[in-house]
Amino acid sequence: MSGVQPENSTGRKGKAVCALLLATSMFALLRPTALHAQETELRGEVSESAILSDQQRKARQLALAAQGQAPTNAAQDNAPARTYLPASAGAVPDDTDTGDATATGSLFDPTAATDDTSADIAAPPKPRRRPSTAGQKAADQAKDKAADKSKKKKKSTADTTDITASTTTSTTDAADNADTDEETANRRALTIDSTDKQKLDPGAVRTDAIEGQKKKPEDDPFAATGVKWGSFVIRPTIEQGLTATSNGDSSNAGKSALLSETALRFSAASDWRENSATIDGYGLFRETVSGYPVHNEQGRIEGQLNVDLDNQLRAIAKLGYEAVPESASSPDAIAGVSKQPLRQTIDGSLAVEKDVGKMQYTLTGAVSHDFYGDAKLSNGTSLSQKDQDSTLYTATLRTGYEISPAITPFTEIEVGRRAYDQRIDNEGFERSSTRLGARAGVELDLGEKLSGEFSAGWLREAIDDKNLDEISGATVNADLKWSPERGTTIGLTGRTTVEPTTTAGESGDILYSGRLTGERQIRANLTANAALGLDWRDYVGIDGNDKILSAEAGLTWWLNRYAGLTTRVRTEKLTSNLPGRDYTANSIFLGVKVQR
């Protein structure tokens, strides 16, 4: 039994030594360190430059400590970290070692190195009994091993210090740049409105005010601006003045008179993106102020709609209404009446255009209906004119070939039917007729210089009543505008019209009308205009003709964009080989014109 006891005692002592070493290691790990994370107040991620700067500062302090000098700028770099004080007393052993260099406060500071090999190892507890010789020998061997480890640790620490010192010497020149990098690494992000709050460049050129910028001059500074109404722009005009004339109603029996004349005109145009629409109208009212009695009211309104269809198709629709009293110089004028009958016309058309290469095709269908009011006789009774009511239906096919964008020759074929509401008139004639015509012409498009079209052909209307001759003859139609220079416009219009009649034994006549107009903008607010007219009426069935010559000149002086003064002088003369039709009318007008 006594021989086994030393062996058991030695085992127990070995276990005690192991426990002692384990406790020493635990106390070394649990030694108090400053909680630097609570002191540095880091924001965001730590940059590489911040880590490098921290290591360099630590190396300088260790180098100064090795030379026995206290760091003079320790307070400037960083104050010593406060020792952590736990809430429970005795939680960690007191740190009484004050001989070491002052800690830098960095979280990268290593554990302080001392000459005492047992500084990092807690003192072992005293044995309850004296150890045996074998146990004492094992304890001495453990102490020797611990001492060797402490020496090796001190040597490695010294080597690290030397290396760090040499590194500090080589990187001293870059220390300032590293400090700058540390400052910029955690720079606060800019706010969203920081750019707007930047100071203005004092050397920047000030932008001119909008009012001071030069405006592009208007082509026509006195043109009507118009009134916006929905998707249309309306430009109304009113003209009021007095007319002194030598022939109040332009008739063979007319006499001089002073007339009050009022003219209302308007135009409306759409501002749609693709299609377009226009509406135009006028109203003219003439009333006698003194002299020959005249009561005249007339007007017209018409609209046009342009619609682009698929497959390069385009549709053009027109609709109009007109109310005009029968002219005293008309072949159908009734003698001895106090008021001529009112002729009203409703007309409309629909055209479809198609382009195939350079070929252009247009098919147009039109309807025009005329109906007349009663004529008031001088004795107070009325005379019905219902036998003149008729409707004209026409269909026209136009074919053109575009030689160039400026010139397009074309041909037209027209067929139609004129149907009277009263198949047999009051004189017992069947006035309905069949219409057939052909024309050839050229369309010009040279921009503002010259545009329009001109055509010539033949037209024939065969009346159903065999006792009446057909109405046929050459036709001339023109609508040209020429601008030889800016501000000057010359216009030429021509038209051929078939005028049926209900006079007994007569078929009607063909009227050729031509107008040559000119307009010159003398100044921005002064415009001059002139016109020459020639009408030729050829009667069918009788040897008769009328020739009408007219000339007109006028001036318009705009006081501002909205009001102006206007005047015009006109002369007209009709010469006929038929009795009771000649007349001459001279007139002068002076008035005020207002537009918007």
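Residues numbered from 1 in each chain as written. Predicted model: local features only at pLDDT ≥ 70, side-chain atom pairs only at ≥ 80, totals over all residues. Heavy atoms only, no water.

## Some remarks on empty space enclosed by the protein
Applying the stated criterion to the full structure yields one cavity of 30 Å³ or more. There is about 40 Å³ of room inside the largest cavity. When contributions to the lining of the largest cavity are tallied by element, the ones reaching two or more residues are β13 (407–420) and β15 (450–463). Residues of the lining of the largest cavity, tallied by class, amount to four nonpolar, two polar and three charged. (1 Å grid on protein atoms, 1.4 Å probe; cavity = no way out; pocket = protein on both sides within 12 Å on 5 of 7 lines; lining within 4 Å. Points joined across faces, edges and corners; volume = space filled by probe spheres on them. Helix = DSSP H or I, 4+ residues; strand = E, 2+ residues; numbered from the N terminus. Nonpolar A, V, L, I, M, F, W, Y, C, P; charged D, E, K, R; others polar.)

## Observations regarding a nonpolar patch on the surface
Among the surface-exposed residues, I238, L264, F285, W557, L559, L565, V592 and V594 lie close enough to one another that they form a single nonpolar patch of about 670 Å² accessible area. With respect to the helices, strands and loops of the structure, L559 is situated in the loop between β20 (545–558) and β21 (563–576). (Patch = residues over 30% accessible without salt bridge, like charges linked within 9 Å, V, L, I, M, F, W, Y side chains within 5 Å. Areas by Shrake-Rupley, 256 points an atom, 1.4 Å probe, with all protein chains shown as cover. Salt bridge = Lys/Arg side-chain N within 4 Å of Asp/Glu carboxyl O.)

## Quick notes on the nonpolar core
Membership of the largest hydrophobic core is limited to five residues, which are L459, I471, V498, I510 and V540. Filtering out sequence-adjacent residues up to four positions away, V498 remains in contact with R418, R435, L459, E461, I471 and D509. (Core = buried A, V, L, I, M, F, W, Y, C linked by side-chain atoms within 4.5 Å. Buried < 20%, exposed > 50% of the residue type's maximum accessible area, 1.4 Å probe, protein only. Contact = heavy atoms within 4.5 Å.)

## Quick look at the pattern of salt bridges
As a working rule, side chains carrying opposite charge can pair if their charged atoms are close by. In total, this model carries 29 salt bridges according to the counting rule given. Where D509 meets R537, a salt bridge forms, and the shortest distance between an N and an O atom there is 3.7 Å. You can see D509 sitting in strand β18 (residues 508–523) and its partner R537 sitting in strand β19 (residues 526–540), a full 28 residues away along the chain. Since its relative accessible area comes to 7%, R537 is described here as buried. Residue R570 is joined to E572 by a salt bridge in which the shortest nitrogen-to-oxygen separation is 2.6 Å. Here the residues in one salt-bridge network are R398, E412, E414, R418, R435, R439, E443, E453 and E461, joined through shared partners.

## With respect to the sheet that holds strand β7 (residues 337–339)
With antiparallel pairing, three strands are arranged side by side in an open sheet as β7-β10-β11. Edge positions in the open sheet fall to β7 and β11 (382–383), since each of these has one partner strand only. Where β7 meets strand β10 (residues 375–377), two bridges bridge the pair, whose relative direction is antiparallel. By the bridge assignment for β10, K339 is matched with K376. (Pairing = 2+ DSSP bridges.)

## So, the packing of aromatic side chains
What describes a pair of aromatic rings is the distance from one ring centre to the other and the angle between the planes of the rings. Across all of its chains, the model carries one aromatic pair by this definition. Ring geometry for F232 and W272: centres 5.7 Å apart, planes at 75°, overall edge-to-face. You can see F232 sitting in strand β2 (residues 232–245) and its partner W272 sitting in the loop between β3 (257–270) and β4 (276–291), a full 40 residues away along the chain. Overall, F232 belongs to the buried group, its relative accessible area being 16%. (Phe/Tyr/Trp six-rings, centres within 6.5 Å; stacked < 30°, edge-to-face > 60°.)

## Things to note about the side chain of R435
With respect to the element layout, R435 can be found in strand β14 (residues 433–445). There is a polar contact of 2.6 Å between the side chain of R435 and the side chain of E461. Those residues in contact with R435 that sit more than four places away from it in its chain are L392, T394, E414, V415, G416, R417, R418, L459, R460, E461 and V498. (Polar contact = N/O pair within 3.5 Å; in protein donor to acceptor, adjacent residues only side chain to side chain.)

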